[in-house]
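Examination of the molecular architecture
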Amino acid sequence: MPTLGFGVFQVPDLSQAEQAVTDALETGYRLIDTAVAYQNEEAVGKPIKDSDIPRDQIWVTSKLWLQDYAYEEAKKAIDLSLKKLGLDYVDLYLVHQPYGKVDEAWQAMEEAQEAGKIRSIGVSNMTPKLWKKFVPDFDVMPAVNQVEFNPYFQQKELRQIMAKNGVALEAWAPLGQGNAELFHKPVITKMAKKYGKDAG
Ligand SMILES: NC(=O)c1ccc[n+]([C@@H]2O[C@H](COP(=O)([O-])OP(=O)(O)OC[C@H]3O[C@@H](n4cnc5c(N)ncnc54)[C@H](OP(=O)(O)O)[C@@H]3O)[C@@H](O)[C@H]2O)c1
């Protein structure tokens, strides 16, 4: 899984999203993160197809949204994601928000993984409390938990639980969603200077 990714949250305009993904691939990003709820899966798949980069060198993540958390609904939603993306498989598919019939959604995702439609299945926004509520009933351990994670929100308890289970943490808001204060914190700017890097 690439270390750095490019997310297309809050880019509902399909032509803008498509341009952004095209630029991201040209810049060197090899992980694109979308979701059913972002309403732009089409705009992620097209530039991937149009590029010269082999499909297996690009990691595509999408996420199941709340209205599809029941077994039959989740199965249909996974197929619709693939259709919109125009891809034979997604690299990672996540339960976007852990509320409602997560167990049924998870069963549909496990089956889609077995069928080769999804390479890895994971969850998102699972706090320690929600992790303990849902994950013990899963047959397949989530590969990833995508959560808010940055210097202001270090997820210490969650990271311990996930480490025990060999689950990878993927950060959203790694830069605090562009939090200007974070970029000027002396502890950050001193490290940036020491390593010759941008604070971000
Ligand atoms: N699973 C979930 O529930 C969930 C939730 C939220 C997001 N996500 C995913 O995570 C992706 C990332 O979103 P995010 O907003 O959370 O990301 P973020 O990386 O924390 O924030 C991105 C913002 O940081 C600013 N920035 C970037 N580089 C910078 C630098 N070097 N110096 C100063 N500012 C810099 C930019 O702000 P300006 O635009 O102002 O320049 C940019 O828009 C989303 O697109 C989505 O794919 C997932």
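Predicted, not measured: the structure shown is a model, and the values here were computed from it.

With that out of the way, let us pick up the UniProt feature "domain: NADP-dependent oxidoreductase" (unreviewed entry) in the chain. In the numbering adopted here, UniProt assigns the feature "domain: NADP-dependent oxidoreductase" (unreviewed entry) to residues 4-179. As a span, residues 4-179 carries 39% helix and 19% strand, and end to end its C-alpha atoms are 18 Å apart.

Lining the immediate environment of the ligand, one finds 20 residues, of which Asp33, Gln146, Ala173, Gln177 and Asp198 sit closest. One of the backbone N or O atoms of Phe9 is found 3.1 Å from an oxygen atom in the ligand. About the coverage of the ligand: the protein hides 61% of its 920 Å² of free accessible area. The cavity that encloses the ligand is the largest pocket. By residue class, the composition of the shell around the ligand is eight nonpolar, nine polar and three charged.

Computed from the structure, the largest pocket encloses a volume of approximately 1,000 Å³. As for the largest pocket, its lining consists of 35 residues, of which Gly5, Ala171, Trp172, Ala173 and Pro174 are closest to the centre. Where the lining of the largest pocket is concerned, the elements lending two or more residues are strand E1 (6-7), strand E2 (31-33), strand E6 (144-148) and strand E7 (168-172). Looking at which element gives the most residues to the lining of the largest pocket, the answer is E7, with five residues. Its residues assigned to classes, the lining of the largest pocket comprises 19 nonpolar, 13 polar and three charged.

So, how was this worked out
- Residues numbered from 1 in each chain as written.
- Predicted model: local features only at pLDDT ≥ 70, side-chain atom pairs only at ≥ 80, totals over all residues.
- Heavy atoms only, no water.
- UniProt positions renumbered as here; feature names shortened; annotations may be inferred.
- Helix = DSSP H or I, 4+ residues; strand = E, 2+ residues; numbered from the N terminus.
- Near = heavy atom within 4 Å.
- Polar contact = N/O pair within 3.5 Å; in protein donor to acceptor, adjacent residues only side chain to side chain.
- Areas by Shrake-Rupley, 256 points an atom, 1.4 Å probe, with all protein chains shown as cover.
- 1 Å grid on protein atoms, 1.4 Å probe; cavity = no way out; pocket = protein on both sides within 12 Å on 5 of 7 lines; lining within 4 Å.
- Sits in = over half its atoms within 2 Å of the grid points.
- Nonpolar A, V, L, I, M, F, W, Y, C, P; charged D, E, K, R; others polar.
- Points joined across faces, edges and corners; volume = space filled by probe spheres on them.

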